[in-house]
Amino acid sequence: MSLLDAPPHVITVGTSLLDDALAAQAVPTTPVAWRPPLPGTARALATVLADPRRAAANAEAVRRLTSARPYLVGVRRAAEVLPERTFLHAGPPITWERASGPMRGALIGAMLLEGLASGEEEAVRRLERGEVELRPCHEHGAVGPMAGVVCPSMWLFEVRDEEHGGTAFCSLNEGLGKVLRYGAYGPEVLERLRWMDEVLGPVLARALARTGPIDLRALVAQALQMGDELHNRNRAATSLLLRELAPAVVEAAPGQAARVLRFVIGNDHFFLNAGMAAAKASTDAARGVPGSSLVVAMARNGTDFGVQVSGLEGRWFTGPAGVPDGLYLGAYGPQDANPDIGDSTITETSGLGGFAMAAAPAIVRFVGGEVEDAFAATRSMYEITLAEHPAYQIPGLGFRGTPVGIDVALVARTGVLPVVNTGIAGRVAGTGQVGAGLVRPPAEAFVKALLALADSVSDPFE
């Protein structure tokens with residue numbers, strides 16, 4: 001009888017139409033956000049959620065990811081870790097025929113840098129003939145920003161996970177604008193890369209030999225509390241890394257220290273590549289847990305967006321890469337933009353970047369939007385992740401841990417896609433960077449991963 005005597009209280013689910021109508025009649029409601037699962041996933045979702053291995057497997061994968069202790073231990077020439085006549089690239093596997101403009105531009109530049117071609121036309125002919133093997137960075141323990149092309153004469157950050165023993169690599173950051181990773185390959189690009197090969201790499205290697213390993217997990221945690229999100233804003237992290245390295249650089253190479261330090265100081269993104277290797281080492285620790293639906297890699301090659309899942313070791317699930325929505329440089333506009341490209345989404349995969357934008361509200365001046373959008377982006381990512389990172393905390397959210405551990409089942413169940421902030425490369429080879437913005441991955445990649453997970457378990461409904 002109390003239900004009949006008390007004022008009605010209504011719970012509304014789904015579309016706001018009913019809630020709005022009741023509110024207009026002064027009826028109190030409790031709206032519940034609800035969305036149907038992504039189309040075509042209902043049966044697979046039920047199968048994966050019913051997998052008796054899932055809870056323990058995901059708990060173990062998350063434990064490995066969040067307990068990783070990545071340290072910067074050295075700088076090594078890529079020739080030491082690359083197979084002969086092999087170029088690495090960002091994203092899932094791609095052929096020259098399907099490669100986008102910036103990917104082709106970066107590969108042409110790498111051919112010229114290595115002396116494998118005397119000019120652009122010869123480089124294209126040799127790449128068309130397959131004289132150099134193209135392999136994804138992720139399949140060689142590495143990551144690369146934007147086109148992510150790595151060739152033998154480049155130097156790589158070497159990061160070791162002291163907790164689980166894994167190692168990851170990433171190239172050194174060239175700066176912004178007309179650079180190889182954005183597909184530019186003009187004389188100024190090659191001149192800078194040769195200086196990095198002859199001076200920057202060796203000096204950093206000697207400096208790190210003096211400092212010893214640098215704790216990147218602690219550095220990232222501190223940078224988050226200083227206004228970075230560690231994908232498109234790395235100003236604090238770069239400053240912190242420079243503080244660690246500067247005395248050793250001066251001691252290791254007094255005659256070259258000034259130019260090296262000026263180069264680093266003039267590049268607020270210098271830390272990004274070391275941070276990407278740290279994120280790769282952390283997410284790799286979570287690989288290979290049977291039954292886990294945790295995402296261990298998201299990557300783009302300028303044509304495809306791909307994901308990899310802990311319980312489906314080594315398999316890529318892809319969909320078409322989308323064009324970011326953002327701010328453009330100079331006279332450039334959306335018509336000049338290439339679809340999303342780069343391995344730097346490893347930052348989001350590890351709980352940083354777009355997932356940590358609430359820590360860096362100033363990022364909206366680089367990628368567009370309002371400060372409130374940065375907070376909303378981070379809050380929405382808690383819906384599709386399995387944990388909060390114990391070390392990576394956001395002051396603006398009461399020191400709540402960043403959302404970490406993307407679950408393909410939660411993505412399918414909620415329809416919420418990961419948010420990524422990114423640079424934008426020009427679609428024409430040789431252009432370079434044209435802007436920066438936000439992008440959502442294609443749902444198709446996560447649907448494919450979920451269906452494959454369902455195929456890997458016994459269907460309880462058969």
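Just so it is clear, the model here is predicted, and its values are computed rather than measured. For every chain, the first residue of the written sequence is number 1, and numbering continues from 1 onward in sequence order. At least 70 in pLDDT is required for a residue's local features to be given in this predicted model, at least 80 for side-chain atom pairs to be given and counted, and no such filter applies to totals for whole chains, interfaces and linings, which use all residues. Side-chain descriptors were evaluated using all non-hydrogen atoms of the structure, hydrogens and water having been removed beforehand.

## A closer look at the layout of surface pockets
Estimates place the volume of the largest pocket at around 210 Å³. The way it works is a 1 Å grid over only the protein atoms, where trapped points that fit a 1.4 Å probe form a cavity and open points with protein on both sides within 12 Å along at least five of seven lines form a pocket, and then any residue with an atom within 4 Å of a point lines it. Taken together, L176, N232, R233, N234, R235, D268, H269, A362, I363, R365 and F366 form the lining of the largest pocket. Of the residues belonging to the lining of the largest pocket, the class tally is four nonpolar, three polar and four charged. Grid points are joined across faces, edges and corners, and a volume is the space filled by probe spheres set on the points. Under the scheme applied, nonpolar residues are Ala, Val, Leu, Ile, Met, Phe, Trp, Tyr, Cys and Pro; charged residues are Asp, Glu, Lys and Arg; polar residues are all the others, including Gly.

## A short note on the pairing of strand β5 (residues 133-136)
Burial of the side chains of β5 is restricted to one face: L134 and P136 are buried, whereas none of E133 and R135 on the reverse face is. Strand direction decides the pairing type here: strand β4 (residues 86-89) and β5, joined by four bridges, are parallel. By the bridge assignment for β5, F87 is matched with L134. A simple rule labels every residue: compare its accessible area, found with a 1.4 Å probe on the protein chains alone, to the largest value its type can have, and call it buried under 20%, exposed over 50%, or partly exposed in between. Runs of H or I in DSSP of at least four residues are treated as helices and runs of E of at least two as strands, each being numbered from the N terminus. Strand pairing is defined by DSSP finding a minimum of two bridges between the two strands.

## Comments concerning empty space enclosed by the protein
Evaluation of the coordinates by the stated rule reveals six cavities of 30 Å³ or more. Roughly 200 Å³ of internal volume is contained in the largest cavity. Lining of the largest cavity is provided by 18 residues; of these, M154, S171, L172, E174 and L193 occupy positions nearest its centre. Looking at the lining of the largest cavity, the elements with two or more residues in it are α5 (101-113) and α7 (187-211). It is α7 that provides the largest number of residues to the lining of the largest cavity, a total of three residues. Taken together, the residues of the lining of the largest cavity break down into ten nonpolar, five polar and three charged.

## Some words on unusual backbone geometry
Even without glycine at this site, M146 takes up a positive phi of about 50°. Looking at the secondary structure, you find M146 in the loop between β6 (142-143) and β7 (155-161). With phi around 65°, F399 is a residue other than glycine that occupies positive phi space. By the secondary structure assignment, F399 is in the loop between β15 (385-394) and β16 (400-406).

## Focus on the sheet that holds strand β8 (residues 167-171)
Reading across the sheet, the five strands line up as β6-β8-β7-β3-β9 and stay open at both edges, with mixed pairing between neighbours. Single-partner strands in this sheet number two, and they are β6 and β9 (214-215). Relative to β8, β7 is paired through five bridges, and the arrangement is antiparallel. Bridged to L156 within β8 is S171.

## A word on the packing of aromatic side chains
Only centres within 6.5 Å qualify two rings of Phe, Tyr or Trp (six-membered ring in Trp) as a pair; their planes then separate them into stacked at under 30 degrees, edge-to-face at over 60, and tilted for everything else. For the structure on display, the rule yields two aromatic pairs. Where F157 meets F270, the ring centres are 5.9 Å apart and the plane angle is 80°; that geometry is what we call edge-to-face. In this pair, F157 sits in strand β7 while F270 sits in helix α11 (residues 270-284), placing the two residues 113 residues apart along the sequence. Of the two residues examined, F157 and F270, each falls in the buried class. Put simply, a charge is over a ring when the Lys NZ or the Arg CZ is close to the ring centre, within 6 Å, and near the line of the ring normal, within 35 degrees. Sitting over the ring of W96, R104 keeps its end group 4.5 Å from the ring centre. Positioned over the ring face of Y382 is R400, at 3.5 Å from the centre of the ring.

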